[in-house]
Amino acid sequence: MALSSCGITGAYLSLHTGLAQAMMGNSRMGGGTTIINPPPGAVFRDPPEAVKNINGVYELAIEETSINVNGTLATLLTYNGSFPGPTIRAKRGENLLVQLKNFLPHTSEKNILGHTKNITNLHTHGLHVSPKPPADSMMIQLHPGEIYDYNYCMDFEEPGHLNFYHPHVHGVVAEQYWGGLAGPLVVEDETAALVGLETHIMVLKDLTLSGSVPEPYTSTMQYMHGKEGNLVMVNGQVNPVLNIQPGQVQRWQIVNACNARFFNLALENHSINLIGTDGGLLDKPYPVSSILLSPGERVDILVKANQAKKSYRFLSLPYNRGGMSTQQQVTLLTLSYKGSQLNSSLPDSINTDAKRVAMDTTALPQRRLTLSMMQGKGYINGQTFLGMDNACTIMSHLGGWEVWEIVNQSGMDHPFHQHVNSAQVLSITGGDSAYTSLYTKIPAWKDVVIVPKWGSVKLLVPVMDWDGMTMFHCHIIEHEDIGMMGVWDIMAEGMPM
Ligand SMILES: [Cu+2]
């Protein structure tokens, strides 16, 4: 039996919507869509920049911190006291050094899934780095009080993309992520095409507070649904005001760091010019009127202030991700024209290396991964994740290409994420036609792709540069915690399968 819209949803939905309306002064429009349209808030802030210590190491301390969340002092989980975490920057060819310190309280308390709280680690989502210790290994676990020195060789990294870091200990990720733990990780550009543009990082994150703490997980249904917060924030701010000069072009690097909320991004009266995706920069700007951004996905866009001199809302338009979610229209930020006229133009060309891979795929290894949900658990090929040695496991040989078909046997969309290697999208069945026509045509590299409800996706997956044990999973974080995750065992060349 797969999850579909069901009778249990009513009570949760009315509570959810009621809370949102009470806190935000929201209204409802036709077709069951809730409008979250808070008044313009404070001046937009980029996340703080992380600073290396004298040894060239980024130190990240995970701790409970009192944070002003839309006027309420709340205890969140933070990296270095910041919500979202500070921006880490790295370059191709260097070694990225990060020291992670778990300063969470000692506890033997278990969550409702039966996993011990406050154990954590670091996943560098989007980096093409080794999945072995001391790099992006999911087997590293830090108990409270423990410190770990991560070292990521960036020799094979693609320049010019926004990634992010967050915890990845199975069973407790959703709570830690919901509690505040996510931060941006930029791989610097090597193109001259974007030099001099005013650039902003936008970490999209939602949260519902219960008193002064993030609303706790109290039911399996919350894991099945995935939590969506009634506060929808950009860099921890509700509807901040970002100024732009008339005629100016700005670059926005955006990551969806929500547990389960999908965005359908649109800027009133303006085109969005897509120049980069999860895995790097595109060959040229692609103008779109709106673009879906599921949990874990990133977009790199250019916005040109070519309209009348006033304010415009950056919105998330209604989208039905299925299951039990309501459709919402959310105002994310307000773009305010201010200052003297500029005459900036969009670049014609961005990344001349960006190409769609032209390859006869018929002789490549073909894999089929089916995603399903049942009775409080998530499954891939009928197996729920119970550990690295007890999960859906695929074995690949380093140095080749593969075709993965991801099939969704449930009534809600699942954003499918594979670690280490980004892929190109060959085809998508079902879902949003604009998303499909975009990602099956442009030279994009993706590590998260929406697998539409009852639909499927085919990916062309390179297995390059790094061997070791890594993961693939649904990036609705709750679904990962209830087992919609598998192991990708990449064998070094010459090793027998
Ligand atoms: Cu999912």
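All values derive from a computational prediction rather than experimental measurement.

So, on to unusual backbone geometry. Leaving glycine out, the prevailing phi sign among residues is negative, and the prevailing peptide bond configuration is trans. Omega for the bond connecting F83 with P84 falls within 30 degrees of zero, at -5°, which places this linkage in the cis form. Relative to the helices and strands, P84 resides in the loop between strand 4 (72-79) and strand 5 (88-90). For the peptide bond that leads from P133 to P134, omega is 5°, which places it in the cis range. Tracing the sequence through the fold places P134 in the loop between strand 7 (123-125) and strand 8 (147-153). For W454, which is not glycine, the phi dihedral falls at a positive 60°. Looking at where W454 falls in the secondary structure, it is placed in the loop between strand 30 (448-451) and strand 31 (456-463).

A few words now on the domain arrangement of the chain. Looking at the chain, the domain boundaries give domain 1 (195-337) and domain 2 (366-491). When each unit is reduced to the centre of its C-alpha atoms, the spacing between domain 1 and domain 2 is 23 Å. At the junction of the two partners, domain 1 supplies 32 residues and domain 2 supplies 30 residues. Between domain 1 and domain 2, a total of about 2400 Å² is buried, with carbon and sulfur atoms accounting for 61% of that surface. Sorting the residues of domain 1 by area buried against domain 2 places Y223, M224 and L292 first, and these three jointly supply 23% of that buried surface. Put simply, domain 1 and domain 2 have three salt bridges between them. The salt bridge involving E297 is made with K446; its shortest N-O contact spans 2.6 Å. Inspection of the region where domain 1 meets domain 2 yields 17 residue pairs in polar contact (both at pLDDT 80 or more). When residues of the side of domain 1 that touches domain 2 are traced back to their parent elements, those giving at least two are helix 3 (220-225), strand 18 (272-277), strand 19 (280-288), strand 20 (291-293) and strand 21 (298-304).

Per the stated rule, a full pass over the model turns up 20 salt bridges. Among the salt bridges present, the one from E188 reaches R89, with a minimum N-O distance of 3.8 Å. One end of the pair, E188, is in the loop between strand 10 (183-187) and strand 11 (198-207); the other, R89, is in strand 5, and 99 residues separate them in sequence. For E188, a relative accessible area of 25% corresponds to the partly exposed category. One salt bridge connects K132 with D467, and the closest N-O pair in it is separated by 2.9 Å. One end of the pair, K132, is in the loop between strand 7 and strand 8; the other, D467, is in the loop between strand 31 and strand 32 (468-474), with 335 residues separating them in the sequence. Judged by relative accessible area, which is 37%, K132 ranks as partly exposed. Salt bridges sharing common partners tie together D278, E297, R298, K446 and D447.

With respect to topology, five strands assemble into an open sheet ordered 26-33-32-28-30, the strand pairing being mixed. Each edge of the open sheet is held by one strand with a lone partner, namely strand 26 (392-397) and strand 30. Adjacent strand axes in the sheet meet at a mean angle of 25°, parallel and antiparallel pairs treated alike. In terms of strand pairing, strand 32 meets strand 33 (residues 485-491) through six bridges, oriented antiparallel. Along strand 33, the bridge assignment pairs T470 with W488.

Before going further, it helps to spend a moment on the coordination of the copper ion. Here the copper ion is held by the protein donor atoms H414 (ND1), C474 (SG) and H479 (ND1), which lie 2.0 Å from it. Sequence spacing of the donors to the copper ion: H-x59-C-x4-H. Taken together, the residues span a long stretch of sequence, with H414 in strand 28 (residues 414-418) and H479 in helix 5 (residues 477-481) at a distance of 65 residues. Of the two residues, H414 and H479, neither departs from the other in class, the shared state being buried.

The rules behind these values
- Residues numbered from 1 in each chain as written.
- Predicted model: local features only at pLDDT ≥ 70, side-chain atom pairs only at ≥ 80, totals over all residues.
- Heavy atoms only, no water.
- Helix = DSSP H or I, 4+ residues; strand = E, 2+ residues; numbered from the N terminus.
- Domains from an automatic or database assignment.
- Contact = heavy atoms within 4.5 Å.
- Buried area = accessible area lost by both parts, 1.4 Å probe.
- Salt bridge = Lys/Arg side-chain N within 4 Å of Asp/Glu carboxyl O.
- Polar contact = N/O pair within 3.5 Å; in protein donor to acceptor, adjacent residues only side chain to side chain.
- Buried < 20%, exposed > 50% of the residue type's maximum accessible area, 1.4 Å probe, protein only.
- Pairing = 2+ DSSP bridges.
- Axes fitted to C-alpha atoms, helices over the stretch in contact; angles between N-to-C directions.
- Donors = N, O, S within 2.8 Å, 3.2 Å for Na, K, Ca; no water.

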